[in-house]
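What follows is the residue order along each chain.
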Protein chains: 2
Amino acid sequence: MIVKSVLNYSAALDRAFQALADPTRRAMVERLAQGPASVSDLAKPLAMSLPAVLQHLAVLESSGLVRTRKSGRVRTCRVDPDALSLAERWINDRRNEWERRLDRLGDYLLTLRQGASDGQDG
Amino acid sequence: MIVKSVLNYSAALDRAFQALADPTRRAMVERLAQGPASVSDLAKPLAMSLPAVLQHLAVLESSGLVRTRKSGRVRTCRVDPDALSLAERWINDRRNEWERRLDRLGDYLLTLRQGASDGQDG
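Here is a short report on the structure shown in this document. (Residues numbered from 1 in each chain as written. Chains lettered and ligands numbered in written order. Predicted model: local features only at pLDDT ≥ 70, side-chain atom pairs only at ≥ 80, totals over all residues. Heavy atoms only, no water.)

### Describing the relation of the copies chain A and chain B
Put simply, the test is: The atoms used to superpose the copies are C-alpha atoms, taken from residues with pLDDT of at least 70 in both, and the fit is least squares. We call two residues contacting when some pair of their heavy atoms lies within 4.5 Å.
Mapping chain A onto chain B is achieved by rotating through 180 degrees and translating by 0.0 Å along the same axis, at an RMSD of 0.1 Å. Taken together, the rotation and translation describe the operation of a two-fold axis. Of the residues that chain A buries at the interface, 100% are likewise interface residues in chain B, meaning the two copies contact each other through the same surface.

### Quick word on the sheet that holds strand β1 (residues 37-38) of chain B
Residues and elements named next belong to chain B. Stated formally: Strand pairing is defined by DSSP finding a minimum of two bridges between the two strands. Helical segments are the DSSP runs of H or I of at least four residues, strand segments are the runs of E of at least two, and each set is numbered from the N terminus. Between N-to-C directions, angles cover 0 to 180 degrees, with each direction set by a line fitted to C-alpha atoms, over the stretch in contact for helices.
What the three strands build is an open sheet, ordered β1-β3-β2; its pairing is antiparallel. With one partner strand each, in any of the chains shown, β1 and β2 (66-71) form the two edges of the open sheet. When β1 meets strand β3 (residues 74-79), the two strands line up antiparallel, connected through two bridges. Each bridged residue has a counterpart across the sheet, and for S38 the counterpart in β3 is T76. Sitting on the sheet, helix α2 (residues 23-33) touches β1, β2 and β3, and the angle it makes with β3 is about 90 degrees. Across the sheet, helix α4 (residues 50-63) lies against β2 and β3, angled at about 115 degrees from β2, the strand it touches most.

### Details of the interface of chain A and chain B
Definition in use: Summed over both partners, the accessible area (1.4 Å probe) lost when two parts come together is defined as the buried area. Any carboxyl oxygen of Asp or Glu that lies within 4 Å of a side-chain nitrogen of Lys or Arg is treated as forming a salt bridge with it. In protein, a polar contact means a hydrogen-donor-capable atom and an acceptor-capable atom, both N or O and within 3.5 Å, with residues adjacent in sequence counting only if both atoms are side-chain atoms; elsewhere, any N or O pair within 3.5 Å suffices. Three classes are used, and their members are as follows: Ala, Val, Leu, Ile, Met, Phe, Trp, Tyr, Cys and Pro are nonpolar, Asp, Glu, Lys and Arg are charged, and the others, Gly among them, are polar.
With 32 residues of chain A at the interface, the matching set in chain B holds 32 residues. Summing both sides of the interface, chain A and chain B together bury roughly 3,100 Å²; the carbon and sulfur share of this comes to 63%. Run the count over chain A and chain B and you get six salt bridges. For the salt bridge of R94 of chain B with E30 of chain A, the shortest nitrogen-to-oxygen distance reads 3.8 Å. Viewed at the interface, chain B and chain A are joined by 17 residue pairs in polar contact (both at pLDDT 80 or more). Top contributing element to the side of chain A that touches chain B by residue count: helix α5 (residues 81-121) of chain A, with 13 residues. Looking at the side of chain A that touches chain B, its residues break down into 16 nonpolar, six polar and 10 charged.

Coordinates in, geometry out; function isn't part of it.
Given below as structure tokens:
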């Protein structure tokens, strides 16, 4: 059960980072962070064919970063903030670990220095 | 000048997200977030050949997420927190935009409701 959920989490990170590793897909997420948009609105500023846009949209949708819903003839796209958080948190956790390590190193160096100056005083 | 720096920034994000889109490379960054390590220490917990590890390391190095330095026969690897920040900030900016948008929408709905209740009072 736990192994499966760890693997799911890892696969979700693979897909999220893979989806963000492309400038067109990042431009689409940037547009959608400002609010939902139809596929044709999303395609308008992009210098590529509609099939190419749909392919990028499929990658974003399978990563969970973007959700789409069809109503009549219009498909509306929106970002999923939870999927964005997942990727953000992974990076943030690493940065925090690194900073905590630096803090511990700083404390240790301070202890060494105080030890040295106590030695001088005594 | 500005166009070039925007393109550099975009290429740096491509490489950072691409590097993070692989579970082995994320495991290597997780290990290095706890402190610098030699290549052989980095390879130890990974179930793959040294050449495969070196290939992953090359991807991490070209993304800027990891820096390595050779001293004698030992190559030491460490994370670069700035490169991690770049990728983290991009995602964080999108989430913030999305949340600001929700706040504005909330304010607007509140105005509408107050307008409606003022109408009832009058």
